[in-house]
Amino acid sequence: MTWILGRRVLGALTLTFLLTAGALTIILCAGLTLRLVIDEGLQVVQLPPMVAHIAVKSLTFTLPIGVLTAVILTYGRLSADREYQAAQWCGIHPAWLYLPGIYLGLFAGLLAWAANALWIPRNQFALARVLERSVAELGLIKLTQGERGATFRGAPMSEEQVDEQDRPLLRLYVDDPR
(Lines give C-alpha, C1' and ligand atoms only; values in the text may rest on other atoms or scores of the structure.)
Protein backbone atom coordinates (compact mmCIF):
# COMPACT_ATOMS: atom_id res chain seq x y z
CA MET A 1 0.00 0.00 0.00
CA THR A 2 2.79 2.42 0.84
CA TRP A 3 4.56 1.82 -2.49
CA ILE A 4 1.35 2.54 -4.39
CA LEU A 5 0.85 5.84 -2.59
CA GLY A 6 4.51 6.79 -3.11
CA ARG A 7 4.27 6.01 -6.82
CA ARG A 8 1.11 8.09 -7.14
CA VAL A 9 2.78 11.06 -5.47
CA LEU A 10 5.89 10.62 -7.65
CA GLY A 11 3.72 10.45 -10.76
CA ALA A 12 1.90 13.66 -9.84
CA LEU A 13 5.21 15.37 -9.02
CA THR A 14 6.83 14.24 -12.26
CA LEU A 15 3.93 15.30 -14.46
CA THR A 16 3.75 18.74 -12.88
CA PHE A 17 7.54 19.10 -13.03
CA LEU A 18 7.74 18.19 -16.71
CA LEU A 19 4.89 20.48 -17.70
CA THR A 20 6.24 23.42 -15.71
CA ALA A 21 9.87 23.01 -16.77
CA GLY A 22 8.87 22.49 -20.41
CA ALA A 23 6.62 25.55 -20.50
CA LEU A 24 9.21 27.75 -18.80
CA THR A 25 11.95 26.53 -21.14
CA ILE A 26 9.82 27.39 -24.16
CA ILE A 27 9.06 30.85 -22.76
CA LEU A 28 12.72 31.57 -21.97
CA CYS A 29 13.86 30.30 -25.37
CA ALA A 30 11.32 32.53 -27.10
CA GLY A 31 12.47 35.54 -25.07
CA LEU A 32 16.16 34.94 -25.67
CA THR A 33 15.71 34.36 -29.40
CA LEU A 34 13.59 37.51 -29.63
CA ARG A 35 16.42 39.35 -27.91
CA LEU A 36 18.85 38.03 -30.51
CA VAL A 37 16.59 39.23 -33.30
CA ILE A 38 16.16 42.70 -31.79
CA ASP A 39 19.64 43.35 -30.34
CA GLU A 40 21.89 41.51 -32.77
CA GLY A 41 19.80 42.16 -35.86
CA LEU A 42 19.60 38.50 -36.85
CA GLN A 43 16.96 37.25 -39.20
CA VAL A 44 14.43 34.63 -38.12
CA VAL A 45 15.87 32.16 -40.65
CA GLN A 46 19.20 32.20 -38.82
CA LEU A 47 17.75 31.24 -35.41
CA PRO A 48 17.01 27.46 -35.64
CA PRO A 49 20.65 26.37 -35.09
CA MET A 50 20.74 28.47 -31.90
CA VAL A 51 17.53 27.23 -30.27
CA ALA A 52 19.06 24.03 -28.84
CA HIS A 53 21.94 25.97 -27.31
CA ILE A 54 19.57 28.51 -25.81
CA ALA A 55 17.35 25.74 -24.40
CA VAL A 56 20.30 24.16 -22.57
CA LYS A 57 21.24 27.58 -21.22
CA SER A 58 17.75 28.09 -19.82
CA LEU A 59 17.73 24.74 -17.96
CA THR A 60 19.68 26.33 -15.12
CA PHE A 61 16.62 28.42 -14.28
CA THR A 62 13.74 26.21 -15.33
CA LEU A 63 14.68 23.01 -13.49
CA PRO A 64 14.69 24.44 -9.95
CA ILE A 65 11.56 26.49 -10.62
CA GLY A 66 9.87 23.39 -12.05
CA VAL A 67 10.68 21.33 -8.95
CA LEU A 68 9.50 24.07 -6.62
CA THR A 69 6.23 24.47 -8.52
CA ALA A 70 5.66 20.71 -8.65
CA VAL A 71 6.26 20.29 -4.92
CA ILE A 72 4.01 23.22 -4.01
CA LEU A 73 1.16 22.13 -6.26
CA THR A 74 1.32 18.41 -5.50
CA TYR A 75 1.72 18.63 -1.75
CA GLY A 76 -0.74 21.52 -1.57
CA ARG A 77 -3.33 19.38 -3.30
CA LEU A 78 -2.45 16.45 -1.04
CA SER A 79 -3.04 18.64 1.99
CA ALA A 80 -6.21 20.27 0.64
CA ASP A 81 -7.81 16.87 0.00
CA ARG A 82 -6.73 15.74 3.49
CA GLU A 83 -4.98 12.75 1.98
CA TYR A 84 -2.02 13.36 4.25
CA GLN A 85 -4.21 12.95 7.33
CA ALA A 86 -5.93 9.92 5.82
CA ALA A 87 -2.53 8.29 5.23
CA GLN A 88 -1.52 8.97 8.83
CA TRP A 89 -4.80 7.52 10.12
CA CYS A 90 -4.14 4.38 8.08
CA GLY A 91 -0.75 4.02 9.74
CA ILE A 92 1.40 5.06 6.75
CA HIS A 93 4.58 6.83 7.76
CA PRO A 94 4.86 10.42 6.37
CA ALA A 95 8.24 9.60 4.83
CA TRP A 96 6.47 7.59 2.13
CA LEU A 97 4.76 10.79 1.06
CA TYR A 98 7.80 13.07 1.26
CA LEU A 99 10.47 10.79 -0.24
CA PRO A 100 9.23 11.22 -3.85
CA GLY A 101 9.59 15.00 -3.52
CA ILE A 102 13.08 14.61 -2.12
CA TYR A 103 14.05 12.22 -4.92
CA LEU A 104 12.68 14.58 -7.58
CA GLY A 105 14.57 17.48 -6.01
CA LEU A 106 17.82 15.51 -6.00
CA PHE A 107 17.31 14.40 -9.59
CA ALA A 108 16.56 17.92 -10.81
CA GLY A 109 19.48 19.26 -8.77
CA LEU A 110 21.84 16.82 -10.47
CA LEU A 111 20.45 17.79 -13.87
CA ALA A 112 20.86 21.49 -13.10
CA TRP A 113 24.41 20.87 -11.90
CA ALA A 114 25.23 18.90 -15.06
CA ALA A 115 23.75 21.65 -17.20
CA ASN A 116 25.69 24.33 -15.35
CA ALA A 117 29.01 22.51 -15.07
CA LEU A 118 29.17 20.38 -18.19
CA TRP A 119 26.74 21.39 -20.93
CA ILE A 120 26.62 25.19 -20.71
CA PRO A 121 30.38 25.80 -21.14
CA ARG A 122 30.41 23.62 -24.26
CA ASN A 123 27.25 25.19 -25.60
CA GLN A 124 28.49 28.71 -24.91
CA PHE A 125 31.37 28.24 -27.34
CA ALA A 126 29.12 26.54 -29.89
CA LEU A 127 26.55 29.33 -29.56
CA ALA A 128 29.28 31.94 -30.01
CA ARG A 129 30.43 30.20 -33.21
CA VAL A 130 26.88 29.94 -34.57
CA LEU A 131 26.17 33.55 -33.64
CA GLU A 132 29.42 34.70 -35.22
CA ARG A 133 28.63 32.84 -38.42
CA SER A 134 25.09 34.24 -38.49
CA VAL A 135 26.23 37.81 -37.90
CA ALA A 136 28.96 37.37 -40.51
CA GLU A 137 26.35 36.17 -43.01
CA LEU A 138 24.13 39.11 -42.10
CA GLY A 139 27.05 41.52 -42.49
CA LEU A 140 27.93 39.95 -45.82
CA ILE A 141 24.34 40.33 -46.98
CA LYS A 142 24.34 43.98 -45.95
CA LEU A 143 27.70 44.62 -47.63
CA THR A 144 26.80 42.83 -50.85
CA GLN A 145 23.50 44.70 -51.07
CA GLY A 146 25.52 47.89 -51.25
CA GLU A 147 24.67 49.30 -47.85
CA ARG A 148 27.42 51.68 -46.84
CA GLY A 149 27.92 52.22 -43.17
CA ALA A 150 26.65 48.84 -41.94
CA THR A 151 27.43 48.50 -38.25
CA PHE A 152 27.60 45.79 -35.67
CA ARG A 153 27.35 46.96 -32.05
CA GLY A 154 28.42 50.42 -33.05
CA ALA A 155 31.55 49.27 -34.93
CA PRO A 156 31.43 50.22 -38.61
CA MET A 157 31.74 47.41 -41.11
CA SER A 158 33.20 48.35 -44.47
CA GLU A 159 34.32 46.49 -47.54
CA GLU A 160 37.91 46.69 -46.31
CA GLN A 161 36.91 44.39 -43.45
CA VAL A 162 36.05 41.58 -45.86
CA ASP A 163 38.57 38.78 -46.37
CA GLU A 164 39.45 37.13 -49.67
CA GLN A 165 36.40 34.83 -49.48
CA ASP A 166 34.02 37.81 -49.07
CA ARG A 167 33.33 37.08 -45.41
CA PRO A 168 33.39 39.97 -42.93
CA LEU A 169 36.28 39.91 -40.51
CA LEU A 170 34.23 39.99 -37.36
CA ARG A 171 34.85 38.22 -34.07
CA LEU A 172 32.48 37.71 -31.15
CA TYR A 173 33.85 36.66 -27.81
CA VAL A 174 32.17 34.55 -25.15
CA ASP A 175 32.85 37.03 -22.34
CA ASP A 176 31.08 39.86 -24.08
CA PRO A 177 30.41 42.62 -21.52
CA ARG A 178 27.05 43.33 -23.07
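Here the residue index of a chain counts from 1 through its sequence in written order. Only residues with pLDDT of at least 70 get local features here, since the model is predicted, and only at 80 or more are side-chain atom pairs given and counted; chain-wide, interface and lining totals rely on the full set of residues. Think of the side-chain values as coming from all heavy atoms in the structure, minus any hydrogens and water.

### Side note on the overall build of the chain
Helix and strand counts for the chain come out as four helices and two strands. When its helices and strands are written in sequence order, the chain yields α-α-α-α-β-β. The buried label goes to any residue with under 20% of its type's maximum accessible area, the exposed label to any with over 50%, and the partly exposed label to all in between, with areas taken from a 1.4 Å probe on protein chains only. By residue count, 34% of the 178 residues in the chain fall in the buried class. Taken as a whole, the chain presents about 11600 Å² of accessible surface, with 65% of it coming from carbon and sulfur. Each helix is a run of H or I in the DSSP string that is no shorter than four residues. Each strand is a run of E no shorter than two, and both are numbered from the N terminus. Using the Shrake-Rupley algorithm and a 1.4 Å probe, accessible areas are obtained, with residue cover drawn only from the displayed protein chains.

### A look at the pattern of salt bridges
Definition used for salt bridges: Asp or Glu carboxyl oxygen within 4 Å of a side-chain nitrogen of Lys or Arg. The full count for this structure, using the stated rule, is one salt bridge. The salt bridge involving R77 is made with D81; its shortest N-O contact spans 3.2 Å. According to the relative accessible area criterion, R77 is exposed, its value standing at 54%.

### Considering helix α2 (residues 48-80)
Where α2 bends most, the angle comes to about 45°, and this point is L59. In the stretch just after α2, R82 is the one whose phi turns positive, near 60°. A residue's bend is the angle separating two fitted axes: one through the seven residues that end there, the other through the seven that start there.

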